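# Notes for the structure review
Each chain, written out:
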Amino acid sequence: MPNRSLCVRLAWLCGCALAGPAQAASIYVAPGGNDSGGGASPSAPLQWIQTAINKSKAGDTIFVMPGTHTVKPGDRNITFSSKKGAEAAPITLTTTGPGVVVDLSGAEIGWGGFRICDGSEWIVVDGGGNPNPFDESSYHFTLLNAGYQAASGNGRSGIVCRPVTIQEASHVIVRNLLGKRSMGGMGIFGAHTRNILV
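Right, let's walk through the structure included here.

Strand order in this open sheet of four strands is β3-β6-β9-β14, and the pairing throughout is parallel. In this open sheet, the two edge strands, each paired with only one partner strand, are β3 (67-70) and β14 (178-180). Strand-to-strand, the axes of this sheet are offset by a mean angle of 25 degrees, without reference to chain direction. For strand β6 (residues 100-103) and strand β9 (residues 141-144), the ladder comprises four bridges, and the chain directions are parallel. Paired with V102 across the two strands is L143, which belongs to β9.

Here it is, written out as structure tokens:
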């Protein structure tokens, strides 16, 4: 008579092998979306970029749809905090096409508007397309109204531009973004980082 315990364990192992690793997900975000849904399709997107980031895991791609996106009420900024992609499966944030605007005027001064931090790794933020740096209209992804509280005095205003902050993170790619009305232009700040491509 076969060993029932052994048969059960073998069946479980076979099931795990057939199931394989978890499938990477596509997560969609639009200004008119609804966070009570899963964001799994363009017809049922989430409302907030932060909600999509919080849901994401290694291998997932967040697709930001056209329109003006803002900082979620009650949040300090838009943040990848302790998010872990992998070398072969980064977490990617990109666009579905032109016309994506992220207005960072609601971000808390002192936290940077768009932040990748707290041990996050293997993160890609790619505005998409193939923009010409001399033609603003060629960019799909625009960051507006970013500022950061800095030291003041000696003629300094105390506010500098920091649309993107990368701090205590590694293996990060940021590309194809346009910064406008951001107190000095497009600025990316990095501290305690490794393997950053801008």
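This part is about the environment of G33. Turning to its location among the elements, G33 is positioned in the loop between β1 (26-29) and α2 (49-55). Residue classification places G33 among the buried residues on the basis of a relative accessible area of 14%. With 13 residues separating them in the primary sequence, G33 and L46 have C-alpha atoms 4.6 Å apart. With residues up to four places along the chain from it excluded, the contact list for G33 reads P45, L46 and Q47.

A positive phi angle, close to 55 degrees, is found at W122, a residue other than glycine. Structurally, W122 is set in strand β8 (residues 121-126). Positive phi, close to 55 degrees, is recorded for E168, a residue that is not glycine. Its location among the elements puts E168 in the loop between β12 (164-167) and β13 (170-175). Given the relative accessible area of 42%, E168 is considered partly exposed.

Reading guide: rules and limits
- Residues numbered from 1 in each chain as written.
- Predicted model: local features only at pLDDT ≥ 70, side-chain atom pairs only at ≥ 80, totals over all residues.
- Heavy atoms only, no water.
- Pairing = 2+ DSSP bridges.
- Helix = DSSP H or I, 4+ residues; strand = E, 2+ residues; numbered from the N terminus.
- Axes fitted to C-alpha atoms, helices over the stretch in contact; angles between N-to-C directions.
- Buried < 20%, exposed > 50% of the residue type's maximum accessible area, 1.4 Å probe, protein only.
- Contact = heavy atoms within 4.5 Å.

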